[in-house]
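# Descriptive structure summary
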Amino acid sequence: MTFASFFSGCGGFDLGFTTRGFRPKGAFDCDPDAVENFAANVDGPVNRVDLTQGLSDEQSLFGVDALIAGPPCQGFSTAGKRMLNDDRNHLLTLTGTLARRVSPKVLVVENVSGALSGEHARYLKSLDATMRLAGYRTHTMRCEAADLGMAQLRRRVLFFAWQTGKDMQFTEPKGPRGKLRTALFGVDKQPNHNPRQLTNNSREWNIAQRIKPGQKLSNVRGGTNAVATWDIPEVFGSVTEHERTVLELLRRLRRQERQRAYGDADPVSIPRLEAALGPRFARLVDGLIEKGYLRRVGGGIDLVGTFNGKFRRLAWDKPSCTVDTRFGAPRYFLHPSQHRGFTVREAARIQGFSDNYVFRGSEQAQYRLIGNAVPPPLGEFAATIVKQLIS
Ligand SMILES: C[S@@+](CC[C@H](N)C(=O)[O-])C[C@H]1O[C@@H](n2cnc3c(N)ncnc32)[C@H](O)[C@@H]1O
């Protein structure tokens, strides 16, 4: 069984296929860091190529069993700006154009689940139409990496197109979820593991020491998993009980008065807040503006910082949230029991890379490659399906 790989990155998707016995015919990516790491750690030839310029030697790939592709997901991801016209979105449709020329038995494309929702779905629909017109059967499935036993919540889409005529029941995985404790067991002596603790009494350290496992810094929602800035007076300044009530009321009202279809919420109009607070309105609001908690925006009042999703401390006995390119930064992700972000090795472990994979280049590039990778176990899952489609 042979395979080739487009947008191969550092080779997470590819590792899943080589582990399942597929022989690599060629991998293609335009990023020098990706190509360097791939060449040092993954079997098979890798080429630095801008795929928008086409392939110079596509005949060598003609008729491979599997063509796998993980085109960039940033334009589809709900974690980003989700621009409908993000140039990178077209790489999903380009994958179909290139696949038709290579004519693999099976095409597998991985992307974020945001590629299936709203207007953004047009790119995946176009890929689907391209492959059907070329005589392929297609199927799109959602897949949660944690349900493969991984210690990470990572919802993804796998698109399959096959010209083997095979009838296939696609079943989503539903196994027990992994835990962070197991994924990080014995990580200490492994390469690419250089923990950097936050400096004692620094601003970030003071915030981190108030956040327990499972909690994050957030002014957007209440509840036990959110720690608000006003709960950390040593960093953000103290407030009176009255002022706290105002901040919590504003938090609730800004969600109720929400105007937009995306993002967390909107400023609260002055008449609405005035009606809720009565005669104390001006004194309380002015006081909180002076303390740096509130600000005037247009005709309304809003919180100065929403901090949603910052300083998220993971819990040992749960799967990690989605590993992204910022996993080393403690202001986004905190280790369960230490005041620091995650090391490259920890991020790689959670993504399902073996410790034999030694990352090279700048640490920033290493986190980027790992955060963008298809987890090798998800690659293995896809490879198992491909085996059935070509059998
Ligand atoms: C989501 S990552 C792929 C991850 C990879 N499949 C893995 O498992 O590690 C997307 C990749 O597309 C590459 N890329 C983006 N634009 C490209 C282009 N025009 N030609 C080739 N590669 C491109 C990026 O360098 C990045 O490595």
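Just so you know, these numbers come straight off a predicted model, no measurement behind them.

When you go through the protein residue by residue, the secondary structure sums to 13 helices and 14 strands. If you line up the protein on its principal axes, its C-alpha atoms span 75 × 50 × 40 Å. If you take every contact in the protein between residues at least 6 apart in sequence, the share linking residues at least 24 apart comes to 67%.

What follows covers the domain arrangement of the protein. Structurally, the protein comprises domain 1 (2-175 + 375-390) and domain 2 (219-303). The centre of domain 1, based on its C-alpha atoms, is set 45 Å off from the matching centre of domain 2.

Further remarks concern helix H10 (residues 281-290). Within H10 the residues assigned to the buried category are Leu284, Val285 and Leu288. For H10, the angular spread of buried residues about the axis comes to 95 degrees, placing them on one side. Away from its buried face by more than 90 degrees, H10 exposes Ala282, Arg283, Asp286 and Glu290. The elements touched by buried residues of H10 are helix H8 (241-256), helix H9 (270-277), strand S11 (294-297) and strand S12 (300-303). One or two positions beyond H10, positive phi appears at Gly292, with a value near 85 degrees.

This brings us to the sheet that holds S11. The pairing of strands in a sheet happens through backbone hydrogen bonds and is either parallel or antiparallel. Pairing is antiparallel across the open sheet formed by three strands, whose spatial order is S10-S12-S11. The sheet is open, and its two borders are formed by strand S10 (268-269) and S11, each paired with just one other strand. Sheet topology places S10 next to S12; two bridges connect them, and they run antiparallel. Of the residues in S12, the one forming a bridge with Ser269 is Gly300.

Another aspect to go through is the site of the ligand. Taken together, 22 residues are adjacent to the ligand, and Gly9, Gly12, Asp31, Gly70 and Ala373 come closest. For the shell around the ligand, the class distribution of residues is twelve nonpolar, seven polar and three charged.

Our next topic: unusual backbone geometry. Look at Phe7: it is not a glycine, yet its phi comes out positive at around 55 degrees. With respect to the element layout, Phe7 can be found in the loop between strand S1 (2-6) and helix H1 (12-19). With a phi angle near 60 degrees, Asn192 is a residue other than glycine that sits in the positive phi range. Mapped onto the secondary structure, Asn192 falls in the loop between helix H5 (180-183) and helix H6 (203-208).

Before going further, it helps to examine helix H12 (residues 363-372). By the burial criterion, the buried members of H12 are Gln366, Tyr367, Arg368, Leu369, Ile370 and Asn372. On its buried side, H12 packs onto helix H2 (32-41) and helix H11 (344-350).

Before going further, it helps to examine the nonpolar core. Core analysis: the largest hydrophobic core is formed by 101 residues, its most contacted members being Ala66, Leu67, Val108 and Ala347. Mapped onto the domain boundaries, this core takes at least three residues apiece from domain 1 (2-175 + 375-390) and domain 2 (219-303). Excluding anything up to four places from it in sequence, Ala66 contacts Phe3, Phe17, Phe22, Pro104, Lys105, Val106, Val108 and Val386.

With that settled, the discussion passes to the packing of helix H3 (residues 90-102) against helix H4 (residues 121-133). Close contact between H3 and H4 brings their axes to 8 Å; oriented N to C, the two are set at 10 degrees. Our classification of the angle between H3 and H4 gives roughly parallel. Residue-level contacts link Leu92, Thr93, Thr95, Gly96, Thr97, Ala99 and Arg100 of H3 to Tyr123, Leu124, Ser126, Leu127, Thr130 and Met131 of H4. Of the residues assigned to the contact of H3 with H4, the class counts are six nonpolar, six polar and one charged.

Looking now at the pairing of strand S7 (residues 155-162). Of all eight residues in S7, six are buried; the element is thus mostly enclosed. Pairing of strand S5 (residues 106-112) with S7, which is carried by seven bridges, proceeds in the antiparallel orientation. Paired with Asn111 across the strands is Val157, a residue of S7.

Note that Met1 resides in the segment before S1. The exposure class assigned to Met1 is partly exposed, which follows from the 16 C-beta atoms found within 10 Å. Remark: the alpha-carbon pair of Met1 and Glu243, spanning 242 residues in sequence, is separated by 66 Å. The contacts of Met1, once residues within four sequence positions are left out, are Gly21, Phe22, Arg23, Asp65 and Ile390.

Looking now at the packing of H1 against helix H13 (residues 376-390). It is the contact of H1 with H13, at a shortest axis distance of 7 Å, that shows an interaxial angle of 50 degrees. Taken together, the axes of H1 and H13 lie oblique to each other. Here H1 runs over H13; the crossing is right-handed. Between H1 and H13, the residues in contact are Gly12, Phe13, Asp14, Leu15, Gly16, Phe17 and Thr19 and Pro376, Pro377, Leu378, Gly379, Glu380, Ala382 and Ala383, respectively. Split by residue class, the contact of H1 with H13 holds eight nonpolar, four polar and two charged.

What counts as what
Residues numbered from 1 in each chain as written. Predicted model: local features only at pLDDT ≥ 70, side-chain atom pairs only at ≥ 80, totals over all residues. Helix = DSSP H or I, 4+ residues; strand = E, 2+ residues; numbered from the N terminus. Contact = placed C-beta atoms within 7 Å. Domains from an automatic or database assignment. Buried ≥ 20, exposed ≤ 12 C-beta atoms within 10 Å, placed from the backbone. Arc of directions from axis to C-beta. Pairing = 2+ DSSP bridges. Near = placed C-beta within 6 Å. Nonpolar A, V, L, I, M, F, W, Y, C, P; charged D, E, K, R; others polar. Core = buried A, V, L, I, M, F, W, Y, C linked by C-beta atoms within 7 Å. Axes fitted to C-alpha atoms, helices over the stretch in contact; angles between N-to-C directions. Parallel < 35°, antiparallel > 145°, perpendicular 65-115°, else oblique. Left-handed = near helix turned anticlockwise from the far one by under 90°.

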